[in-house]
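Residues per chain, in single letters:
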Amino acid sequence: MIKFRVNGVDREVDVDPATPLLWVLRDSLHLTGTKFGCGIGQCGACTVHIDGEATRSCQMTAADLAGKSVTTIEGLADRGQLNKVQVAWLEGDVPQCGYCQSGMIMAVSALLKSNPKPSDEDIDATLTNICRCGTYNQIRAAIHAAANA
Amino acid sequence: MNQHLKTPALKPSRRLFLGGTAAGIAGLSLGFSIPVADAEAAEQAPEVNAWIVIKPDDSVIIRIARSEMGQGSLTGLAQLAAEELECDWSKVSTEFPTPGQNFARKRVWGNFSTGGSRGIRDSQEYVRQGGAAARMMLVQAAANRWNVPVSECKAANSVITHTPTGRTLTFGAVAEEAAKVTPPTSIVLKDPKDWTLIGKGVKRLDTLDKLTGKLIYGIDITLPGMLVAAVRDCPVQGGTLKSFDATKVADMRGVKKVVPVGKTGVAVIADTYWNAKTALEALPMDWDFGPNAKVSSASIHAELAGGLDASDAFVGVKTGDASGAIAGAAKTIEAVYSFPFQHHATMEPMNATALVTADKCEVWCPTQNGEAALQAAADASGLPLSACDVHKTILGGGFGRRGFSDYVGQAVTIAKQMPGVPVKLIWSREEDMAHGRYHPITQAKFKAGLDKDGNLVGMHMRISGQSIRASFTPGKPPEIDMGVFQGLNGAGAEGKFTYAIPNLLIDHAMRNTHLLPGYWRGVNLNQNAVYVESFMDELAHASGQDPLAFRRKMLTGKSRAVLDAVAERANYGKPPKGRFHGIAQIMGFGSYVAACAEVSVSPAGKLTIHKIVAATDCGYAVNPAQIERQIAGSFVYGLSAMIYGGLTIKDGAVVESNFDTYNVIRIDEMPEVECIVMPSGGFWGGVGEPTIAVAAPAVLNAIYNATGKRVRDLPLMNTSLKSA
């Protein structure tokens, strides 16, 4: 049994300790908002926060989770109130297929915590997530909108 | 009409799955009925006609037959129906009817296939008629209630008004009666000048749940008692699986069963994906890689090169006497180009969930072709179409890949060996890369003649390479595939050659490889645009003419208009210091498109694409805001492939296996994109694909202007742009 916190709730899972957090979330806890894209830490679709830091959940095993606090896209809104990044995404009509957007939003909300007014260069250096629909210019505009919200 | 809805099969996917977390569908019995509160309510709401459901609270549900994969036509199609329905847009939501329902109702929703940028242009008329018919029935029902002539009533914003008395009724108040009204036989659609919703850049209808993790994609389907499968198919197409040793993994954590998948693959079914994947990796497999095991990129290249001068070519376009004109020209130019295999690499890997019993087969999957997925389910289960159904989810990207149903057939084949238990099949990214339906590989050879004044008097373009059409009849290729000539055709909406050249010959030597090609966003327009638009630049430079002026001499009408529009907006010919322009234009998928790229190349060879100005004349622009997003998105997709997207073939298999070896553009490489949406009216052109074709040649032509290097082989990353 591995014990950790997810979206403010204590959880216990009985899985192979080598199971990546991504699949613990998706298959054991049915939190499917965190997406599988590559499994090798390249695409960022599985980005979550671990103790507040943006982390690719396919690269962290269940064994490493004990005692950690995980926030997923399902836990980003605060008591039903969308996070300011989600609001900026909604206002900017950002997603196309939307599959990468959970990871994008989690990466950006972590970025804005450490760097509340990121420059374009900061965004380029930090946001390495992949979007195949090509929503990057909407994403950039929405990051600035959220930063100024 | 309501009687059609009494069958339990119409399960509107969207609302169904919104409540579809494990808790939400805990009550699922395996009788193919998912009792979610919302869906139950929807079934009680009256269907005015097949397209329109209106609830007593006035909310409007518009049924969308085409798939939504990010391209936005779910919203655009709803706009078309709502325009004629005269409903309150803020009350609109959508749902997908199932392919099984379409089959049962004699294809009342028409074609479900979503590709070729056809979602709107091929269904706009009957979708608008569906909205108009529903409005007429609602107005008739109100007139009946008031006992007044229908001519005295009109509908606007979901309210019907009896004009002489000012009495009103809402759509919701008369919807049930409207459903009983005889549908109109004659429908007059609104004049485009009277449109208020079509042409408006309204926001998408499907955004909110994409921001909270609530939207259930195919890969997220969770059913009670569901198991998960991981599959491996022979990495070399044409090979087979000789044997596997299930006993070696039978005791591994979570493993339920190891099953063959046809003659070419094997799947592990387990309690979770991770356990299935882990056991699959440990499973001993013995392959026969078959007759293609020695095929390589080099052998394919040589075979295609042989087609460039071969005599077995099919003539697609012929005007005048090209070879005679070239022979008599003042100056002749030749060039050979190549275009590689490319992968779709959708963000959501292929997946499908199937539940098969002795007499039913039900599938949940992301598909661009629901009816083909239904057929695949029937074929793989051995059950009749009427005993099968497919629940479409929103797709995590399609780009043409999900027009094929191979993964649906696999899922059903696997689930059939676990009767009564839902099984979700998920491909790893590596499996996805190894079993694509790749962008066809081709080469092209040009010969052209210019007269002493620099006019193009004759041109021969020989294409050598794959036919997508041939992939549907392996081993028995057709003699002709006119699709190869997309953008080069003598006439037609799917891509007519826009340059007036007095003597022109375009022919195709078909050379098919064992790797199956497929429809890839932009399809054959992509390589044809790279070939023709690069070569036009070569001709202009060889004769000392400006590439824009050279093209303008041979263009007229809409083609010249879009090219002029980008040139003007981009301030063509006067780029900022250190930057260079390149242009391109083409016609395809019913639309006229052009682009002007602005790039710089550092002495070390680093390319920066600063900006692309794009123009499209798509006839009618249903939602300009979404069109702009499609244009920018098509550029990212096309330029990712141009820069990085070539696949290497070794020992018959694809070498690139994930995003570490198959790179794509990220935000740091994203250019500014400026769009000119210039609908000239009178026709319906596509949007999702046409512009992708002009991104690569515009950038390649700009690279030439920056470096003097003519890139004729893709991907670009294989060519050094370093200053000599």
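Above this text you will find the structure in question.
## Considerations on the overall build of chain A
Counting secondary structure elements, chain A contains 5 helices and 5 strands. When its helices and strands are written in sequence order, chain A yields β-β-α-β-β-β-α-α-α-α. Whereas a compact globule of 149 residues would reach a radius of gyration of roughly 15 Å, chain A reaches 15 Å, a difference of no more than 12%. Dimensions of chain A, computed from C-alpha atoms along their principal axes, come out at roughly 45 × 30 × 25 Å. A buried classification covers 56% of the 149 residues belonging to chain A. Across chain A, the fraction of contacts at a sequence separation of at least 24, relative to all contacts at a separation of at least 6, is 56%. Surface accessibility of chain A: about 5500 Å² in total, with carbon and sulfur atoms responsible for 47%. Taken as two groups, the 13 positive and 16 negative side-chain charges of chain A have centres that lie 2 Å from each other.

## Considerations on the overall build of chain B
Of regular secondary structure, chain B possesses 18 helices and 27 strands. Summed over its atoms, the accessible surface of chain B is roughly 25200 Å², and 53% of this surface lies on carbon and sulfur atoms. For chain B, the centre of its 72 positive side-chain charges and the centre of its 68 negative side-chain charges are spaced 1 Å apart.

## A word on the environment of B:Asn49
Examined against the element boundaries, B:Asn49 turns out to sit in strand S1 (residues 47-49). Among the polar contacts listed, one links the side chain of B:Asn49 to the backbone nitrogen of B:Ile52, at a separation of 3.1 Å.

## Remarks on the sheet that holds strand S19 (residues 442-450) of chain B
Residues and elements named next belong to chain B. Taking strand neighbours across the sheet as the criterion, the 5 strands line up as S13-S21-S20-S19-S14 in an open arrangement whose pairing is mixed. A strand with exactly one partner marks an edge of an open sheet, and here the two such strands are strand S13 (314-319) and strand S14 (331-339). The mean inter-strand angle of the sheet, taken between neighbouring strand axes irrespective of direction, is 10 degrees. Of the strand pairs in this sheet, S19 and strand S20 (residues 456-465) are connected by 9 bridges, and their pairing is antiparallel. In the sheet register, Thr442 faces S20, and the bridge partner there is Gly465. The sheet strands contacting helix H14 (residues 524-542) are S14, S19 and S20, and the helix crosses S14 at an angle near 150 degrees.

## Thoughts on the pattern of salt bridges
A side chain with one charge may pair with a side chain of the opposite charge, provided their charged atoms come close. All names here are of chain B. Enumeration according to the criterion identifies 42 salt bridges over all chains in this entry. Here Asp206 and Arg204 are joined by a salt bridge, their closest N and O atoms 2.9 Å apart. Across the pair, Arg204 and Asp206 agree in class, each one buried. The salt bridge involving Arg551 is made with Glu533; its shortest N-O contact spans 2.9 Å. Of this pair, Arg551 sits in helix H15 (residues 547-552) while Glu533 sits in helix H14, and the two are 18 residues apart along the sequence. The pair formed by Arg551 and Glu533 is uniform in burial state, with each residue classed as buried.

Rules behind the numbers
Residues numbered from 1 in each chain as written. Chains lettered and ligands numbered in written order. Predicted model: local features only at pLDDT ≥ 70, side-chain atom pairs only at ≥ 80, totals over all residues. Heavy atoms only, no water. Helix = DSSP H or I, 4+ residues; strand = E, 2+ residues; numbered from the N terminus. Rg over C-alpha atoms; globule rule 2.2 N^0.38 Å. Buried < 20%, exposed > 50% of the residue type's maximum accessible area, 1.4 Å probe, protein only. Contact = heavy atoms within 4.5 Å. Areas by Shrake-Rupley, 256 points an atom, 1.4 Å probe, with all protein chains shown as cover. Lys, Arg positive; Asp, Glu negative; His and termini not counted. Charge placed at Lys NZ, Arg CZ, Asp CG, Glu CD. Polar contact = N/O pair within 3.5 Å; in protein donor to acceptor, adjacent residues only side chain to side chain. Pairing = 2+ DSSP bridges. Axes fitted to C-alpha atoms, helices over the stretch in contact; angles between N-to-C directions. Salt bridge = Lys/Arg side-chain N within 4 Å of Asp/Glu carboxyl O.

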